[in-house]
Amino acid sequence: MAETARRVLILVVSGPSTPARCAAPFHIATLLACLDAEVTLYLTGEAAELARPGVAEALYAEPDGAPVMHFLRQAKKAGAGLYLCRKPPAPGRAPATPETLLDEVDGYGSGGELAAMILEYDKVLSL
């Protein structure tokens, strides 16, 4: 019996205030993509900061480990999509636009679009 590829949505909710949690969603996305799953990472809340240049490069899940950006790039290389929630900017920050985001970001959407994705995907993880 042939298996069909599964669609997995990973809601990334950890950001700069919890660096120890930031690498795991990208690592799991890489593993799932290597197992032929269609994987979408969706940065929401504080995790949206990871899409800004310089942030993921400066965060480390472990003191002597690789930067979070390494795990993000591995997930992208394995075929995972990377999206973020369109949200009002934090005080003193410019709004996120394609020009102010990492090149690895595939796009961004609204809460309504995220809700539709949650209902459509086979599996939803929140990390």
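Residues numbered from 1 in each chain as written. Predicted model: local features only at pLDDT ≥ 70, side-chain atom pairs only at ≥ 80, totals over all residues. Heavy atoms only, no water.

Taking an unreviewed UniProt entry as the reference, the protein is identified by name as DsrE family protein belonging to Halomonas cibimaris.

## Notes on helix α1 (residues 24-34)
Condition: A simple rule labels every residue: compare its accessible area, found with a 1.4 Å probe on the protein chains alone, to the largest value its type can have, and call it buried under 20%, exposed over 50%, or partly exposed in between. Helix and strand definitions follow DSSP, with helices as H or I runs of at least four residues and strands as E runs of at least two, each counted in order from the N terminus. Here the arc refers to the directions that run from the helix axis out to each C-beta atom. Contact definition: two residues touch when any of their heavy atoms are within 4.5 Å.
The complete set of buried residues in α1 reads Pro25, Phe26, Ala29, Thr30 and Ala33. Buried positions in α1, seen along its axis, are confined to an arc of 140° and lie on one side of it. Residues of α1 that are buried make contact with β1 (7-12), β2 (38-43), α3 (68-78) and β3 (81-85). Just past α1, the residue Asp36 takes up positive phi, approximately 70°.

## Considerations on α3
For α3, the complete set of buried residues consists of Val68, Met69, Leu72 and Ala75. One face of α3 carries all of its buried residues, which in axial projection span an arc of 120°. Looking at the buried side of α3, the elements it contacts are α1, β2, α2 (55-58) and β3. Backbone geometry just after α3 places Gly79 at a positive phi near 110°.

## Quick look at the pairing of β1
Which entries qualify depends on this criterion: A crossover counts as right-handed when, viewed with the strands pointing away from the observer, the path leading from the first strand over the helix to the second turns clockwise. For two strands to be treated as a pair, DSSP must find at least two bridges joining them.
For β1, a buried count of five out of six residues is recorded, marking the element as mostly surrounded by other parts of the structure. Read as a crossover between parallel neighbours, the route from β1 over α1 to β2 is right-handed. When β1 meets strand β5 (residues 123-126), the two strands line up parallel, connected through four bridges. By the bridge assignment, Ile10 is partnered in β5 with Leu125.

## A short note on unusual backbone geometry
Although it is not a glycine, Asp36 adopts a positive phi angle of roughly 70°. In this fold, Asp36 is placed in the loop between α1 and β2. For Asp36, a relative accessible area of 60% translates into the label exposed.

## Side note on the packing of α1 against α3
Selection criterion: For every element, the axis is a line fit to its C-alpha atoms; helices are fit only across the contacting stretch, and the angle between N-to-C directions ranges from 0 to 180 degrees. Should an angle fall under 35 degrees it is called roughly parallel, over 145 degrees roughly antiparallel, and 65 to 115 degrees roughly perpendicular, with every other angle called oblique. By convention, the crossing between two helices is left-handed when the near helix turns anticlockwise from the far helix through less than a right angle, and right-handed when the turn is clockwise. Three residue categories are used. Nonpolar comprises Ala, Val, Leu, Ile, Met, Phe, Trp, Tyr, Cys and Pro, charged comprises Asp, Glu, Lys and Arg, and polar comprises the others, including Gly.
Contact geometry of α1 with α3 gives a least axis separation of 8 Å together with a crossing angle of 20°. In terms of their interaxial angle, α1 and α3 are classed as roughly parallel. Both α1 and α3 take part in a crossing whose hand is left-handed. Mapping the contact onto sequence places Phe26, His27, Ala29, Thr30, Ala33 and Cys34 in α1 and Val68, Phe71, Leu72, Gln74, Ala75 and Ala78 in α3. Broken down by class, the residue content of the contact of α1 with α3 amounts to nine nonpolar, three polar and no charged.

## Let's talk about the sheet that holds strand β4 (residues 107-109)
What holds strands together in a sheet is hydrogen bonding between their backbones, with the strands either parallel or antiparallel. Taken in spatial order, the five strands line up as β4-β3-β2-β1-β5 in an open sheet, and their pairing is parallel. The sheet terminates laterally at β4 and β5, the two strands that pair on one side only. For this sheet, the mean angle separating the axes of adjacent strands, direction not counted, is 25°. In the sheet, β3 pairs with β4 via three bridges, with the strands oriented parallel. When the bridges of β4 are listed, Tyr83 appears paired with Gly107.

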